[in-house]
Amino acid sequence: MKNVLVLIHDDVGQETRLQTALDLTRALEGHLTCVDVADLVVIGDPTVGGALVVLDTRAEEAANRTRIERRLGVEQLPWSWIDKAGRDPSDCLLSAARCADLIVVGGREDTASYSLRRLVTRLLGRTNALIVTAAQNANGLDVGGLAVVAWDGSDFAAHALQRAIPLLALARSVCVLEVGLAETDFSGEEAATYLSRHGIQAEVLRVQQFVDFAATIGLKAKEMNAAYCLMGAYKHRPLSEAVFGGVTRSMLGQCDIALILGH
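Caption draft 1: Molecular detail of the environment of Ala-192. One can find Ala-192 in helix α7 (residues 188–196). With ten residues separating them in the primary sequence, Ala-192 and Ala-202 have C-alpha atoms 5.5 Å apart. Each residue touching Ala-192, except ones within four places of it in the same chain, is listed here: Ile-200, Ala-202 and Val-204.

Caption draft 2: Structural detail: the nonpolar core. Ranked by size, the top nonpolar core spans 44 residues in total, and within it Leu-24, Leu-32, Leu-168 and Tyr-228 carry the most contacts. Broken down by element, the residue count for this core peaks at five residues, all from helix α1 (residues 14–28). Sequence-distant contacts of Leu-24, defined by excluding residues within four places in its chain, comprise Val-4, Leu-102, Val-104, Val-132, Leu-141, Val-143 and Leu-167. In this structure, Ile-131, Leu-177, Ala-226 and Ile-257 belong to the second largest nonpolar core, which totals 35 residues.

Caption draft 3: Just the pairing of strand β10 (residues 228–232), in detail. Of all five residues making up β10, five are buried, and the element is well covered by its neighbours. Side-chain alternation along β10 places Tyr-228, Leu-230 and Gly-232 on one buried face and Cys-229 and Met-231 on a second face that is also buried. Bridge count between strand β7 (residues 146–151) and β10: four bridges; the pairing is parallel. Note that in β10 the partner of Val-148 across the bridge is Cys-229. Where β10 meets strand β11 (residues 258–262), five bridges bridge the pair, whose relative direction is parallel. Pairing of Cys-229 across the sheet is with Leu-259, part of β11.

Criteria and cut-off values
Per-chain numbering applies: the sequence of each chain, read as written, is numbered from 1 onward. Per-residue local features of the predicted model are confined to residues with pLDDT of at least 70, and side-chain atom pairs are confined, for both listing and counting, to 80 or more; whole-chain, interface and lining totals are unaffected and use all residues. Values reported for side chains reflect all heavy atoms of the structure, with hydrogen atoms and water molecules removed beforehand. Only runs of H or I of at least four residues qualify as helices and only runs of E of at least two qualify as strands under DSSP, and these elements are numbered from the N terminus. By the convention used here, residues are in contact when the closest approach between their heavy atoms is within 4.5 Å. Residues enter a nonpolar core if they are buried and are Ala, Val, Leu, Ile, Met, Phe, Trp, Tyr or Cys, with the set joined through side-chain atoms within 4.5 Å. Residue exposure (1.4 Å probe, protein chains only): buried if accessible area is under 20% of the type maximum, exposed if over 50%, otherwise partly exposed. For two strands to count as paired, DSSP must find a minimum of two bridges between them.

This is the structure:
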């Protein structure tokens, strides 16, 4: 787990995303790739002279790059830069994310051309990377803090757990948080045993569902002052999640701490 990719865009969430990515890259002794995504929305067909540019932030992002590169020059870690422009930020990120281990997003307000849920869904569906949604207004990510593993016994949760081993190994402590698990499911104890074989000692905490799964996970993680919450994403098909809700969708909308999602 050495390749960290971060969404760069001059918005209210940029500082949180960048500091989170810097903290991850430094802790993992990895390489940071900054993908600067400029909004470029064109209506019409430019091949027949009928194009109308309705939004173009390339000039603003060029100035943003100058500021960020100046800062990266003193961070003492390896980094590279990719400029992208387009209508859909997920397309811009996907074209640069083939070899990413972690992709840091979040913090940007939803607009007509941007939706965090859509972005995360597309990234999870088309990459093997873990997706990190930076906590709103947070000062980076305490990689060495308490890691909460939201455990539902699913293959998705197991996959996220396996992918995150290098990161969990850096945590001060790990809590496998089991919410409403059926007796036939892969238990939290089995997850903790798996972690122990990687030299990671984890506590298992079972809690009852309070309001809904997402609210329960979020409340417990906040009570424990967790640095982040690791979870498997979209247990059902994304279309079903979009129509009927779902834990992933709810967590993206209401959780106050960083999420690390795997599918």
